[in-house]
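Overview (structure and organization)
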Amino acid sequence: MNRILLILLLTALTIPGVFAQITDPKATEVWSPEPRVVTPGIGSQPASDAIVLFDGTHWKEWVSSKDNKEVSWALAEGACTVKPGAGDIITRRSFGDIQLHIEFSTPVVASGEGQNRGNSGIFLQNLYEVQVLDSYQNRTYSNGQAAGIYKQAIPLVNACRKPGEWQAYDILYTAPRFNQDSLLVAPARVTVLQNGIVVQLNTEIKGPTEYIGLPQYKAHGKAPIRLQDHNCLVRYRNIWVREL
Ligand code: MG
C-alpha cells in the first residue's frame with residue numbers, strides 16, 4: 001500500500017462515523033429493483049425475451065434497403081443466402097443498445113481473394129459495420145478482415161472457421177449518445193465474440209463506416225440492423241436480438 005493511502009486509511013479509521021458505522025451485513029444488501037426473469041435458450045437458441053429476427057422460414061422482420069420492399073434473398077434449409085445484386089436488407093424495427101446473435105457461413109468454394117472472398121457485413125444501426133468475410137487463410141488489410149470494425153478496429157485474434165462451416169457472432173452494442181444540440185456525448189461501443197472467442201472488447205466506434213476517408217459522427221436515434229450484399233454467397237441463420 002502506498003504511503004498516502006495508508007495515511008488516509010488510518011485517518012479515516014480514527015474519525016468516528018466514516019467506516020465505523022456499518023456493522024450489519026444487511027445494511028449493504030440491495031433488494032430493489034429485482035432483475036426480471038429471462039429463460040435462456042438452449043445453446044445458441046434465443047432467450048425468452050429475445051426478438052427473433054430470422055428463423056430461416058420468412059422475411060417478416062426484414063425489407064430490402066433499396067426500396068423498402070420485399071426481400072428476395074433465397075431461403076433454404078433454415079438459412080438464407082445473399083442474392084448478389086439484390087442489395088442489402090434491413091430490419092423493419094429500429095434498435096439502440098442491443099445484444100445480437102447472428103450465425104453466418106461463407107461459401108464452401110472459396111473463390112476470390114481478399115475482400116472479394118465471402119464478404120458481407122452486419123451494420124449496427126445501419127451505419128457501423130462488423131465485417132463478415134472469409135478470413136480463413138485469406139489475407140487482407142487487418143482492419144478489414146472478419147470481425148473487424150471495418151477500417152476502424154482490428155479483431156484481437158482471427159477466430160474464423162473454414163469456409164462453409166457455420167460461425168456465430170455475439171455482439172454487445174452500446175449506441176452512441178448525442179445531446180440536444182446533436183453533439184456527440186459518448187461514442188458507440190462494441191464487444192464481439194466470434195465462435196465464443198472475444199474478438200472485439202468494448203471497442204470504441206469512431207463513426208459511421210466509410211470505405212474511403214475518415215468516419216465522422218452525425219446524430220441519430222434508433223435505427224435498423226442491415227446485412228450487406230457484397231456480391232458473395234454468404235449465408236445467414238438464427239438471428240435474434242435482445243434490447244438492452
Ligand atoms: Mg463487408
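Residues numbered from 1 in each chain as written. Predicted model: local features only at pLDDT ≥ 70, side-chain atom pairs only at ≥ 80, totals over all residues. Heavy atoms only, no water.

**What about the overall build of the protein chain?**
Operational definition: The helix and strand labels rest on DSSP assignments: H or I over at least four residues marks a helix, E over at least two residues marks a strand, and numbering proceeds from the N terminus. The reference for a compact globule is 2.2 Å times residues^0.38; the radius of gyration itself is calculated from the C-alpha atoms. We call a residue buried when its accessible area falls under 20% of the maximum for its residue type, exposed when it is over 50%, and partly exposed in between, using a 1.4 Å probe and counting protein chains only. Residue contacts are defined here by distance: any two heavy atoms, one from each residue, within 4.5 Å place the two residues in contact. Methods summary: accessible areas were calculated by the Shrake-Rupley approach with a probe of 1.4 Å, and residue burial reflects only the protein chains presented.
The helix and strand inventory of the protein chain stands at 1 helix and 15 strands. Against the globule reference of 18 Å for 244 residues, the protein chain gives a C-alpha radius of gyration of 22 Å, more extended than a compact globule. For the C-alpha atoms alone, the extent of the protein chain along its principal axes is close to 75 × 40 × 40 Å. Expressed as a percentage of the 244 residues in the protein chain, the buried residues total 43%. Restricting the contact set of the protein chain to residue pairs at least 6 apart, pairs at least 24 apart contribute 64%. When the accessible surface of the protein chain is summed, it comes to about 13800 Å², and 56% of that surface belongs to carbon and sulfur atoms.

**Let's talk about the nonpolar core**
Quick reminder of the rule: By convention a nonpolar core is built from buried Ala, Val, Leu, Ile, Met, Phe, Trp, Tyr and Cys residues, the set being connected through side-chain atoms within 4.5 Å.
Ranked by internal contacts, the top residues of the largest apolar core, which has 46 residues, are Y169 and Y236. Elements supplying a minimum of two residues to this core: β1 (51–54), β6 (98–105), β7 (120–124), β8 (128–132), β9 (167–174), β12 (189–194) and β15 (235–243). Take this core: its biggest share by element is 4 residues, from β6.

**Some thoughts on the coordination of the magnesium ion**
Stated formally: Only nitrogen, oxygen and sulfur atoms qualify as donors, and only when within 2.8 Å of the metal (3.2 Å in the case of Na, K and Ca); with water excluded, sites may look incomplete.
All of the protein donors around the magnesium ion are N119 (OD1), S120 (O), E129 (OE), Q131 (OE1) and Q228 (OE1); their distances to the metal are 2.2 to 2.3 Å. Within one chain, the residues serving as donors to the magnesium ion are arranged as N-S-x8-E-x1-Q-x96-Q. In this structure, S120 and E129 share a single accessibility class: buried.

**Points about the pairing of β8**
It is a general feature of regular strands that their side chains alternate between the two faces of the sheet. Worth spelling out the cut-off: Pairing between strands requires that DSSP locate at least two bridges from one strand to the other.
The buried fraction of β8 amounts to 5 of the 5 residues, a majority that puts the element mostly inside the structure. The loop that links β7 with its antiparallel partner β8 comprises 3 residues; one of these, Q125, has a positive phi angle of about 50°.

**Some points on a nonpolar patch on the surface**
Selection rule: Patches were defined on residues exceeding 30% relative accessible area and lacking a salt bridge, with like-charge contacts within 9 Å and nonpolar side-chain contacts (Val, Leu, Ile, Met, Phe, Trp, Tyr) within 5 Å. Salt bridge, as used here, is a side-chain nitrogen of Lys or Arg placed within 4 Å of a carboxyl oxygen of Asp or Glu.
On the surface, a cluster of nonpolar side chains totalling about 440 Å² of accessible area is made up of L156, V157, I197, V198 and L201. Looking at the secondary structure, you find L201 in strand β13 (residues 197–204). According to the relative accessible area criterion, L201 is exposed, its value standing at 58%.

**Regarding the domain arrangement of the protein chain**
The criterion, for reference: By convention here, the domain bounds are inherited from an automatic or database domain assignment.
You can read the domains of the protein chain as domain 1 (1–34) and domain 2 (39–243). Between the C-alpha centres of domain 1 and domain 2 the distance comes to 46 Å.

**Observations regarding the state of the cysteines**
Formally, a disulfide is one covalent bond, and it connects the sulfur atom of one cysteine to the sulfur atom of another. Rules: Note that a disulfide, as used here, is simply two cysteine sulfur atoms within 2.5 Å.
Summed over all chains, the structure comprises 0 disulfides. Free of any disulfide, C232 has its nearest cysteine sulfur in C160, 14 Å distant. Residue class for C232 comes out buried when judged on its relative accessible area of 7%.

**Considering the pattern of salt bridges**
Under the defined criterion, the tally for this structure stands at 9 salt bridges. The shortest N-O distance in the salt bridge between E61 and R93 comes to 2.9 Å. Placement of E61 in the loop between β1 and β2 (62–64) and of R93 in the loop between β5 (89–91) and β6 is noted, with a sequence separation of 32 residues between them. Within the structure, one salt-bridge network assembled from shared partners comprises R36, D49 and R242.

**Describing the environment of L53**
Turning to its location among the elements, L53 is positioned in strand β1. Distance in space between the C-alpha atoms of L53 and D170 is 14 Å, their sequence separation being 117 residues.

**Quick look at the packing of aromatic side chains**
Here is the rule we go by: Between the rings of Phe, Tyr and Trp (Trp by its six-membered ring), a pair exists once the centres lie within 6.5 Å; its type follows the angle of the planes, with under 30 degrees stacked, over 60 edge-to-face, and the other angles tilted. As a reminder, the over-ring test applies to NZ of lysine and CZ of arginine, requiring each to be within 6 Å of the ring centre and within 35 degrees of the ring normal.
The tally for this structure, following the rule as stated, stands at 7 aromatic pairs. When the ring of F104 is compared with that of Y169, the centres are 4.7 Å apart and the planes differ by 55°; the resulting orientation is tilted. Taken as a pair, F104 in strand β6 and Y169 in strand β9 lie far apart in primary sequence, 65 residues in all. Given the relative accessible area of 0%, F104 is considered buried. For Y169, a relative accessible area of 0% translates into the label buried. Seen in terms of ring centroids, Y128 and Y173 are 6.4 Å apart; in terms of plane orientation they differ by 35°. Their pairing is tilted. With Y128 in strand β8 and Y173 in strand β9, the pair connects residues that are 45 residues apart, well separated along the chain. A relative accessible area of 0% places Y128 in the buried class. One aromatic cluster is present, formed by Y128, Y173, F178 and Y217 through successive ring pairs. Lying across the ring of F123, R226 places its NZ or CZ 3.9 Å from the centre.

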